[in-house]
Amino acid sequence: MDYSPDSLISSRFLRKGENSVVSQNERNILRLLRLYPGMQRSALNDHLDLTQQSIYRIVDTLVDRGMVKLGAPIPGQGRGQPSPTLHLNGNYAYSCGISVHADTIYIYFMSFAGELIAQDSIGLAGKTMATALSKVREVIVKLRNQHALTEEANIGIGVGFMGYNVGGTRFSGPLPLHEWSLIELGPLMSDALGKPVWVHISGQTAAAGEAMFGVGRYIQNFAYLFIGYGFGGGLISNGELLLGGNGNAGEFACILDPTEIDKRPALQYLMKRLEMNGIKVPTVDYLQRNFRADWPGVKEWLDDITPVYNRLINAIWAVFGPQAIVFGGQVPPALARMLIERTVSFEIPRYGVPHPPAKLIVSEVKGDAAAIGAAAVPFKRMVF
């Protein structure tokens, strides 16, 4: 099915007489302002191969369109008229990010300036896909009303889906998401929610969220482990998300032999182990909020998965060579630290000198990274 969310963007966001939101030069300037809020207009000359007159003209256009605000100049910055500071105007637009996990859907709103302005969630247990999407629509309207936002200012919706891509916007998800699987989610969700919808793997959108609000603030190259009901991830290279040739970059579990699939660090297997030991864990969300390291069954589960886990980590080290590996998704931080403590490098150093190691870091994102990263997708796609 030929589905293009880019073509569904409201005309109110498009450049006059064109089908794009920004030109390449405008995109370059807006990207700089996202990375360096409050940059002086005169400082743009150091980053762009444009004349000062061209930069001033482009900035004036962005101000007129409401995308950029002029701030007070910084005093004492050289001779002549001080240059104004530039800021993204958060009121220009907002986006919605949705993550579809095995038992919970999370919804976040993000302003044009990258601020998280609203969030909520709904449980999936016992809900059909149609019912769940109806509830998502209700939550979006509720959040919009609570924060005095208009429907027109919503540029679009990013979605992180738990599963792997099988073509277009079709994904193969775990058993709890069987109704959502192997169908074109993009046009279906776009029709249901009334906005252009971009869909990616939740491990990838979570990695994008980490790049914006977590480890990515100071590390530009990292692998992200999405430990949830299943196990996947994403790759960030030079600050940008890698999707791969078929949209499945970061599907780390594919490294494993099929006989080892239940030994991967997926929380569905820990939940089963806990239930066998008399600990009732109804959802992954419950596990994340209430986890205790001394629960009976936790140590035994870790013992079972450690050999496969270490092979996964060493494969990521060898293939991608990241500066860091981030433990995220829905994993409880205490459990992530327990995994980190069990990590062993298989490397035999040559001449006693090993490869530079990757830092092992617990995710620094507060909230659902997959939904947060999904909220950034419409802006990254159309503006930045």
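Conventions and cut-offs
- Residues numbered from 1 in each chain as written.
- Predicted model: local features only at pLDDT ≥ 70, side-chain atom pairs only at ≥ 80, totals over all residues.
- Heavy atoms only, no water.
- Helix = DSSP H or I, 4+ residues; strand = E, 2+ residues; numbered from the N terminus.
- Rg over C-alpha atoms; globule rule 2.2 N^0.38 Å.
- Buried < 20%, exposed > 50% of the residue type's maximum accessible area, 1.4 Å probe, protein only.
- Contact = heavy atoms within 4.5 Å.
- Areas by Shrake-Rupley, 256 points an atom, 1.4 Å probe, with all protein chains shown as cover.
- Lys, Arg positive; Asp, Glu negative; His and termini not counted.
- Charge placed at Lys NZ, Arg CZ, Asp CG, Glu CD.
- Core = buried A, V, L, I, M, F, W, Y, C linked by side-chain atoms within 4.5 Å.
- Expected span 1.5 Å × (residues − 1).
- Bend = angle between axes of the 7 residues up to and from the residue.
- Pairing = 2+ DSSP bridges.
- Axes fitted to C-alpha atoms, helices over the stretch in contact; angles between N-to-C directions.
- Parallel < 35°, antiparallel > 145°, perpendicular 65-115°, else oblique.
- Left-handed = near helix turned anticlockwise from the far one by under 90°.
- Nonpolar A, V, L, I, M, F, W, Y, C, P; charged D, E, K, R; others polar.
- Phe/Tyr/Trp six-rings, centres within 6.5 Å; stacked < 30°, edge-to-face > 60°.
- Lys NZ or Arg CZ within 6 Å of the ring centre and 35° of its normal.

J.: I would appreciate a short explanation of the overall build of the chain in the present structure.
T.: When helices and strands are counted, the chain shows ten helices and 15 strands. Here the chain has a C-alpha radius of gyration of 22 Å; the compact-globule value for 384 residues is 21 Å, and the two agree. Referenced to the eigenvectors of the C-alpha coordinate spread, the extents of the chain come out at roughly 70 × 60 × 35 Å. Relative to its 384 residues, the chain shows a buried fraction of 54%. Partitioning the contacts of the chain with sequence separation of at least 6, the portion at a separation of at least 24 is 65%. Here the chain displays about 17800 Å² of accessible surface, and carbon together with sulfur accounts for 52% of that area. When the 35 positive and 33 negative side-chain charges of the chain are each reduced to one mean point, those points stand 4 Å apart.

J.: Sorry, what's going on with the nonpolar core here?
T.: Grouped together as the largest cluster of nonpolar side chains are 97 residues, with contacts concentrated most on Ile98, Ile105, Ile107, Trp180 and Phe327. No other element matches the ten residues that helix H8 (residues 298-320) contributes to this core. Each residue touching isoleucine 98, except ones within four places of it in the same chain, is listed here: Ile105, Tyr106, Ile107, Val136, Ile157, Gly158, Val159, Gly160, Leu193, Ala371 and Ala374. Residues Leu14, Ile58, Val59 and Phe379 belong to the second largest nonpolar core, which totals 30 residues.

J.: Would you explain helix H10 (residues 369-382) in this entry?
T.: An α-helical segment advances 3.6 residues per turn. Residues three or four places apart therefore align on the same side. Between the first and last C-alpha of H10 there are 21 Å, a value that for 14 residues agrees with the 20 Å anticipated at 1.5 Å per step. Within H10, the axis deviates most sharply at alanine 376, by approximately 30°, and proline proline 378 lies no more than four positions further along. Counted residue by residue, H10 has twelve buried out of 14 residues, so it is predominantly covered. For H10, the set of buried residues is Ala369, Ala370, Ala371, Ile372, Gly373, Ala374, Ala375, Ala376, Val377, Pro378, Phe379 and Met382.

J.: Help me understand the pairing of strand S5 (residues 104-111), please; the structure alone is not making it clear to me.
T.: Look at any regular strand and the pattern is simple: side chains alternate between the two faces of the sheet. Burial analysis of S5 places eight of its eight residues in the buried class, which makes it a mostly covered element. Judged by which residues are buried, S5 turns out to be covered on both faces: Thr104, Tyr106, Tyr108 and Met110 on one side and Ile105, Ile107, Phe109 and Ser111 on the other are all buried. Sheet topology places strand S4 (residues 94-100) next to S5; seven bridges connect them, and they run antiparallel. Each residue of the ladder has a partner; that of serine 95, found in S5, is methionine 110. In this structure, the hairpin formed by S4 and S5 is closed by a connection of three residues. Summarising the sheet, S5 and strand S6 (residues 116-123) pair through seven bridges and their orientation is antiparallel. Following the sheet pairing, methionine 110 is matched in S6 by leucine 116.

J.: What is the right way to read the packing of helix H3 (residues 129-146) against helix H4 (residues 185-193) from this model?
T.: The relative placement of two packed helices comes down to the angle between their axes together with the axis-to-axis distance. It is at 10 Å that the axes of H3 and H4 come closest, and there the two elements cross at 50°. Looking at the two axes, H3 sits oblique to H4. Crossing of H3 over H4 shows right-handed handedness. Within the contact between the two elements, H3 uses Met129, Leu133, Val136, Arg137 and Ile140 and H4 uses Leu185, Leu188, Met189, Ala192 and Leu193. Within the contact of H3 with H4, the residues separate by chemical class into nine nonpolar, no polar and one charged.

J.: What is the right way to read the sheet that holds strand S14 (residues 324-329) from this model?
T.: Remark on secondary structure: sheet strands pair via backbone hydrogen bonds, oriented parallel or antiparallel. A sheet is described by the order of its strands in space; here five strands give the open sequence S13-S12-S11-S14-S15, paired in mixed fashion. Two strands lie at the open edges of the sheet, namely strand S13 (240-242) and strand S15 (359-362), each paired on one side alone. Along the sheet, successive strands turn relative to each other by an average axial angle of 30°, direction set aside. Pairing geometry for strand S12 (residues 231-237) and S13, over three bridges, is antiparallel. When the sheet's bridge partners are listed, isoleucine 236 is paired in S13 with leucine 241. Against the sheet, helix H9 (residues 333-341) contacts strand S11 (222-227), S14 and S15, and its axis sits at roughly 165° relative to S15.

J.: Is there a simple way to explain unusual backbone geometry in this structure?
T.: Excluding glycine, a negative phi dihedral is what most residues carry, and trans is how most peptide bonds are arranged. The phi angle at leucine 182 is positive, at roughly 65°, despite the residue not being glycine. Its place among the elements puts leucine 182 in the loop between strand S9 (170-172) and H4. With a phi close to 55°, tyrosine 351 is a non-glycine residue in the positive phi region. Note on placement: tyrosine 351 falls in the loop between H9 and S15.

J.: How should the packing of aromatic side chains be read in this particular structure?
T.: Aromatic rings in a pair are described by how distant their centres are and how their planes are angled relative to each other. Counted under the stated rule, the structure contains nine aromatic pairs. Pairing tyrosine 92 with phenylalanine 112 gives two aromatic rings, centres 4.9 Å apart and planes at 65°, and the pair type is edge-to-face. Taken together, the residues span a long stretch of sequence, with tyrosine 92 in the loop between strand S3 (85-88) and S4 and phenylalanine 112 in the loop between S5 and S6 at a distance of 20 residues. With centroids separated by 5.5 Å and ring planes inclined at 75°, the aromatic side chains of phenylalanine 112 and phenylalanine 379 adopt a geometry described as edge-to-face. Taken together, the residues span a long stretch of sequence, with phenylalanine 112 in the loop between S5 and S6 and phenylalanine 379 in helix H10 at a distance of 267 residues. The rings of Phe13, Tyr92, Phe112, Phe379 and Phe384 are connected pair by pair, giving a single aromatic cluster. If you follow arginine 41 out to its NZ or CZ, it ends over the ring of tyrosine 56, 3.8 Å from the centre.

J.: Teacher, can you tell me more about the side chain of serine 95 here?
T.: For serine 95, the position within the fold is in strand S4. On the basis of relative accessibility, which here comes to 0%, the residue serine 95 falls in the buried class. Excluding anything up to four places from it in sequence, serine 95 contacts Tyr108, Phe109, Met110, Asn154, Ile155, Gly156, Ala375, Pro378 and Phe379.

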